[in-house]
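Coordinate analysis (summary)
Listed here are the chains, written in short residue letters.
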Amino acid sequence: MHRSIEFADRRTSSAALLWRVVAVAAALWLLNALVTFHNVWPTAFIRPAGELSIELAGILLLMSAWLQVRNAVPRRMLGVLAVLFVLGAIGRYAEVTAPALYGREVNLYWDLPHMSSVAAMLSRVAAPWLVALIVVAAVAGLALLYYAAFWSWRQIAGALQFPLMRAAASVAAIMVFIGFTLENTAAERPRIPRYSMPIGKTYGQQFAKVGAAWLERGTVRQLPPSPALESTLSAIDRSDVMVVFVESYGRVAYDNPDFFATLAPARAELAAAVSDTGRTVVSGYVESPTFGGGSWLAHLNFLSGIEVKDSSRAQLLMTQSRRLFGDVLAEHGYRRVGLMPGLKMDWPEGVFYHFDRIYDDRALEYQGPAFGWWRIPDQFSLAKLETLEVAPRTDRKPLFVVFPTITTHTPFRPTPPYQPDWSRMLAAEPFDEAPLHESLSQRPEWTNLAPSYTDALTYSLQTFAGYLRTQRRDDLIIVIIGDHQPPAMVSGVDASWDVPVHVISSNPAVLDTLTHCGFVPGLIPAPKRLGGMYQLGPALLSAFEVPTDASRSRTCMRADP
C-alpha cells in the first residue's frame, strides 16, 4: 500500500515537473514572440519570426540577479513587466506593419494628429458591426496580451527560484548578448537575422523625433530660397489652367502588369476624349515628396517650387511669405480658385496659398448620396465648378484652379458610379437606383485592396474623359498629377515614389516645349523620371511662355542622380 502511494506521488511529482518545464518554455516563447514577430505582406497579419529578443535576455539576467539576493519577485514588478511587453508588442506591430501597409515608417509627431480623422474615415467606410467588432477585439486583445504576459513572467519568476535555473538563464542570456553583438558588428548582416532589433530602439527613435520636433518649434530653421517663379504666359493667351492632384495615382498603375491591363479601357476612353476634342496629351513621371498619404506635401512642393518632405519643415514654410505658382498667374489677371471637396474643417494654412476663393465640403453644397468618409464624388465637384466659376460670365477672369481629388482615397470604396449625363450631377438624385445601390453596397477588401484601387482609378479616368467632352474649348489647359503612390499594401514592397503627370491642351507651343524637356506624347509616360515634384511648377511656367534664349535655360527639370 505504501509503495503504491509512493509510486503515485512520484508520478504526480514527475507530471508537475513536466508541466512546469512546458509552462516555462511556453512563457519564454510567448514573451520572445511578442517583440520579434514579422508582418505577412500585404496584410495586417503577423507571423512568428524565430528571432531572439535581447530585451528578454536582459530582463532574465536582471531577474536572476534579483532572485540571487531576494526571495521572490514582487507581483507589482511582474505587472510592470507585462505592461512593458504589451507596449513592446504594440511598438513592434507598428514598426513592421506600417511599412507593409502604408509604405513608410510611422512618425508619431506627424501621424498621431491624423489618427482621429483616419478612425472617423474608416468608421464611415466600414460596416457599423465591423467597427464595433474591431473595437471590442482590440480591447479584448490587449487584455488577453496583458494576462498572457503576466502569466508568462509569473512562470519564469517561479522557475528562477531554483539556483540551477538561474544559472542556466544567465548563461543563455549572456550568449544572446554575445550573438547579438557579433551579428550587428559584422561587416555584413545575415539575410535572415537570428536576433531581433530591440523594441526600445523603435520607441527611442520615435521619442527622439517628437523631441526634436518640439525643440525646433518656433526656432528659425534654414529653408531653401524660392525658385525664380516667372513667366510672361505669352504662350497660353489667358487660357484657364486647372491643376488636378489625383489621390493615390502612382506609378504602380503602369508598372504593375495587372493594373496596367485593367486600366487599359479607361485610359483608352480618356485618350479618345483628348483626341475627339482636338487636344493632345503629353506625359512623364516626377518624384513625389510623400508616399501612401500626406497629399498636402505634394501640393506644397508643386505650388511653392521648394522641396520639403516632412511636416515640420512644411509647416514652417507655410508661416512664411513666399512667391507661389498661382501668384505668377494672378499677376496676369488670373483668379485663383481652390476646389477642395475633402476639406471638412477650418483651414487657416490656406492663407499661405493666396486663393481668391476656396470651395470646401460645405461651400460645394452637395446634397446627393454620401460615398464613404469623403462623401462627394469628384464628378460632382467638376460639374459644380462649371456653375460656380466657368459659366456665369463671359467676361470673367481666366481661372487658375487647384483640385485635389478625393474619390481615389484609401480604402477606395465605395466608388461612385460614373454618370454620363453630367447635367444630372447637380440634381437631388444624380444616379439611377440600380448603379447607386451597387456602388453603396461595396465594402473594402482589407486584405486585397487592388480591385478597389483599379475600380476607383477607372472612375477617375472616366470622369476626366467626360469632363473634357463637356469642355469643348481651346482656352483650357489641364495638368493631371498623381499626388503620391497608394499605400504599400497596393503598390508593393520597395515601390518608387514616382507619380505620373499628364498635360492636356490644344496649345502646340506648350506641348512642344514639354516634349523638348522629356515628356512623351500619349498617356503612358517614358520610364525615366523627369525630376522632383517641386521642379514641375517652374517647368510648367516656363512652358507657358514663348521660348526665348533666357527661358530655355530654366524650362526643363533635372532628375536627381
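Residues numbered from 1 in each chain as written. Predicted model: local features only at pLDDT ≥ 70, side-chain atom pairs only at ≥ 80, totals over all residues. Heavy atoms only, no water.

All right, on to empty space enclosed by the protein then. Counted by the stated rule, this structure contains six cavities of 30 Å³ or more. Quantified by volume, the largest cavity comes out at close to 110 Å³. Lining the largest cavity are 16 residues, with Phe371, Trp374, Ile406, Thr407 and Pro414 sitting closest to its centre. Of the residues contributing to the lining of the largest cavity, the split by class is eleven nonpolar, three polar and two charged. What lines the second largest cavity is simply Asp240, Val241, Met242, Leu385, Val390, Leu399, Val401, Tyr467, Arg473 and Leu476. Of all the elements in the fold, those that place two or more residues in the lining of the second largest cavity are β5 (240-246), α14 (378-390) and β9 (399-404). In terms of residue count, the dominant contributor to the lining of the second largest cavity is β5 (three residues). Of the residues assigned to the lining of the second largest cavity, the class counts are eight nonpolar, no polar and two charged. (1 Å grid on protein atoms, 1.4 Å probe; cavity = no way out; pocket = protein on both sides within 12 Å on 5 of 7 lines; lining within 4 Å. Points joined across faces, edges and corners; volume = space filled by probe spheres on them. Nonpolar A, V, L, I, M, F, W, Y, C, P; charged D, E, K, R; others polar. Helix = DSSP H or I, 4+ residues; strand = E, 2+ residues; numbered from the N terminus.)

All right, on to helix α18 (residues 508-516) then. Among the residues of α18, those classed as buried are Val510, Leu511, Thr513 and Leu514. Relative to the axis of α18, the buried residues are bounded by an arc of 160° and lie together on one face. Facing away from the buried surface of α18 by more than 90 degrees, the exposed residues are Pro508, Asp512 and His516. The secondary structure elements touched by the buried residues of α18 are β6 (280-287), β10 (476-482), β11 (498-505) and α19 (533-543). N-cap assignment for α18: the residue whose side-chain oxygen lies 3.0 Å from the backbone N of Ala509 is Asn507. One or two positions beyond α18, positive phi appears at Gly518, with a value near 115°. (Buried < 20%, exposed > 50% of the residue type's maximum accessible area, 1.4 Å probe, protein only. Arc of directions from axis to C-beta. Contact = heavy atoms within 4.5 Å. Polar contact = N/O pair within 3.5 Å; in protein donor to acceptor, adjacent residues only side chain to side chain.)

To continue, consider a nonpolar patch on the surface. Among the surface-exposed residues, Val80, Val83, Leu84, Leu87, Ile90 and Leu142 lie close enough to one another that they form a single nonpolar patch of about 480 Å² accessible area. Of note, Val80 is situated in helix α3 (residues 75-101). Using a relative accessible area of 46% as the deciding quantity, one classes Val80 as partly exposed. (Patch = residues over 30% accessible without salt bridge, like charges linked within 9 Å, V, L, I, M, F, W, Y side chains within 5 Å. Areas by Shrake-Rupley, 256 points an atom, 1.4 Å probe, with all protein chains shown as cover. Salt bridge = Lys/Arg side-chain N within 4 Å of Asp/Glu carboxyl O.)

With that settled, consider the packing of aromatic side chains. Counting across every chain of the model gives 18 aromatic pairs. Ring geometry for Tyr353 against Phe355: centres 5.9 Å apart, planes inclined by 35°, an arrangement best described as tilted. Its relative accessible area of 14% is what places Phe355 among the buried residues. Here a set of aromatic residues connected by ring pairs shows up, and it is made of Phe245, Phe302, Phe325 and Phe400. The residue whose ring lies beneath Arg70 is Trp66, and the NZ or CZ to ring-centre distance is 4.7 Å. The aromatic ring of Tyr285 is capped on one face by Arg251, whose charged end is 4.0 Å from the ring centroid. (Phe/Tyr/Trp six-rings, centres within 6.5 Å; stacked < 30°, edge-to-face > 60°. Lys NZ or Arg CZ within 6 Å of the ring centre and 35° of its normal.)

Okay, the packing of α14 against helix α16 (residues 450-470) next. Packing of α14 against α16 leaves a shortest axis separation of 10 Å and a crossing angle of 20°. Compared by their axis directions, α14 and α16 come out roughly parallel. In this structure, α14 meets α16 at a crossing whose hand is right-handed. Residue-level contacts link Asp378, Gln379, Leu382 and Leu385 of α14 to Tyr459, Thr463, Phe464 and Tyr467 of α16. Partitioned by chemical class, the residues of the contact of α14 with α16 number five nonpolar, two polar and one charged. (Axes fitted to C-alpha atoms, helices over the stretch in contact; angles between N-to-C directions. Parallel < 35°, antiparallel > 145°, perpendicular 65-115°, else oblique. Left-handed = near helix turned anticlockwise from the far one by under 90°.)

Attention now goes to the packing of helix α9 (residues 257-276) against α16. Running from N to C, α9 and α16 cross one another at 5°; their axes reach a closest spacing of 8 Å. It follows that α9 is roughly parallel to α16 by the angle criterion. Counted together, Phe259, Thr262, Leu263, Ala266, Arg267, Glu269, Leu270, Ala272, Ala273, Val274 and Asp276 of α9 and Ala450, Tyr453, Thr454, Leu457, Thr458, Leu461, Gln462, Phe464, Ala465, Leu468 and Arg469 of α16 form the full contact between these two elements. A per-class count over the contact of α9 with α16 returns 14 nonpolar, four polar and four charged.

Of note, Asn507 is situated in the loop between β11 and α18. For the pair Asn507 and Asp474, spaced 33 residues apart in the sequence, the C-alpha separation amounts to 7.6 Å. Once residues within four sequence positions are removed from consideration, Asn507 is found in contact with Ala235 and Ile236. A polar atom in the side chain of Asn507 sits 2.4 Å from the backbone oxygen of Ala235.

Okay, the pattern of salt bridges next. Within the structure shown, the criterion is met by 19 salt bridges. With a shortest N-O distance of 3.5 Å, Asp356 and Arg336 are connected by a salt bridge. With Asp356 in the loop between β7 (335-339) and β8 (357-359) and Arg336 in strand β7, this pair connects stretches of sequence that are 20 residues apart. Classification of Asp356 by relative accessible area gives partly exposed; the value is 40%. Taking the shortest distance from any N to any O, the salt bridge between Asp475 and Arg473 comes out at 3.1 Å. Sharing partners across several salt bridges, the network here consists of Arg251, Asp255, Glu287, Asp498 and Arg529.

Okay, unusual backbone geometry next. Residues Thr410 and Pro411 are joined by a peptide bond in cis, for which omega reads 10°. By the element assignment, Pro411 lies in the loop between β9 and α15 (433-440). In this model, Arg413 is joined to Pro414 through a cis peptide bond whose omega is 0°. Along the chain, the position of Pro414 falls in the loop between β9 and α15. With a phi close to 60°, Arg238 is a non-glycine residue in the positive phi region. By relative accessible area, which is 48% here, Arg238 ends up partly exposed.

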